[in-house]
Structures are given as C-alpha cells and as structure tokens.
Amino acid sequence: MRCIICHGDRIEIMEVKEEVIVGNDIVYVPVKIPVCQTCGERYYDRRTFQFLEDVEEELKAGKRNLREVGKVLVYG
Ligand SMILES: [Zn+2]
C-alpha cells in the first residue's frame with residue numbers, strides 16, 4: 001500500500017487520537033489505523049468510520065463518563 005498523498009510506502013498501524021466534537025467539547029477517541037509515517041495522512045476503513053459514528057452517538061446521548069485532560073480555549 002502506498003500513500004495517496006505523498007506516494008511513500010511507510011504506512012504503519014498506529015494508535016492515534018481522533019477528535020469527536022460534542023457541543024463545545026472535544027473528546028479524544030483512541031483508534032488504531034494505518035498512518036503514513038512520511039506525511040501523517042490517516043487511512044480510515046468502514047469499520048473505523050462506523051465505530052467513530054457510534055461513539056459520537058453515545059457521547060451525544062451522554063452515556064459515557066469522561067475524564068478531563070485539558071481545556072479547549074479560544075483566542076480573542
Ligand atoms: Zn504520505
């Protein structure tokens with residue numbers, strides 16, 4: 001598999017934190033996906049998309065307890 005952005009061949013499965021936005025909050029959801037080691041492009045398969053959609057639904061329904069790890073701030 002080659003990267004469609006930079007055509008590099010160093011694509012490895014990595015755990016990354018995907019951002020899911022719920023209202024004014026950002027929730028980091030860890031997922032394991034192929035990531036291009038050269039340019040950082042992330043590749044999502046259908047299962048991962050589905051998983052993230054399910055997580056978003058769950059979060060919007062308030063069904064999960066979350067841990068605060070930082071603040072999201074706006075400049076200006
Ligand atoms: Zn790349």
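Heads up: these notes are all about the structure in this document. Just so it is clear, the model here is predicted, and its values are computed rather than measured.

1. Re the overall build of the chain
When helices and strands are counted, the chain shows one helix and two strands. When the helices and strands of the chain are read in sequence order from the N terminus, they spell out β-β-α. Its C-alpha radius of gyration of 15 Å places the chain more than 25% over the 11 Å reference for a compact globule of 76 residues. In terms of overall dimensions, the chain has a C-alpha envelope of 40 × 35 × 15 Å along the principal axes. Going through the 76 residues of the chain one by one, you find that 1% of them count as buried. Here the analysis covers contacts within the chain between residues at least 6 apart in sequence; of these, 47% occur between residues at least 24 apart.

2. Considering the pairing of strand 2 (residues 25-36)
Relative to strand 2, strand 1 (residues 11-22) is paired through 12 bridges, and the arrangement is antiparallel. Residue pairing for strand 2: Val22 is matched across the bridge by Asp25. The turn linking strand 1 back onto strand 2 is made up of two residues, and Gly23 within it adopts a positive phi angle of 65°.

3. Things to note about the environment of Arg47
One can find Arg47 in helix 1 (residues 46-60). Each C-alpha atom of the pair Arg47 and Val22 lies 21 Å from the other, and the pair is 25 residues apart in sequence.

4. A word on helix 1
The terminal C-alpha atoms of helix 1 lie 21 Å apart, and with 15 residues this matches the ideal 21 Å at 1.5 Å per residue to within 8%. With zero of 15 residues buried, helix 1 is to be regarded as a mostly surface element. Phi turns positive one or two residues past the end of helix 1, at Gly62, with a value near 70°.

Reading guide: rules and limits
Residues numbered from 1 in each chain as written. Predicted model: local features only at pLDDT ≥ 70, side-chain atom pairs only at ≥ 80, totals over all residues. Helix = DSSP H or I, 4+ residues; strand = E, 2+ residues; numbered from the N terminus. Rg over C-alpha atoms; globule rule 2.2 N^0.38 Å. Buried ≥ 20, exposed ≤ 12 C-beta atoms within 10 Å, placed from the backbone. Contact = placed C-beta atoms within 7 Å. Pairing = 2+ DSSP bridges. Expected span 1.5 Å × (residues − 1).

So far we have only geometry, and geometry alone does not tell us how the molecule works.
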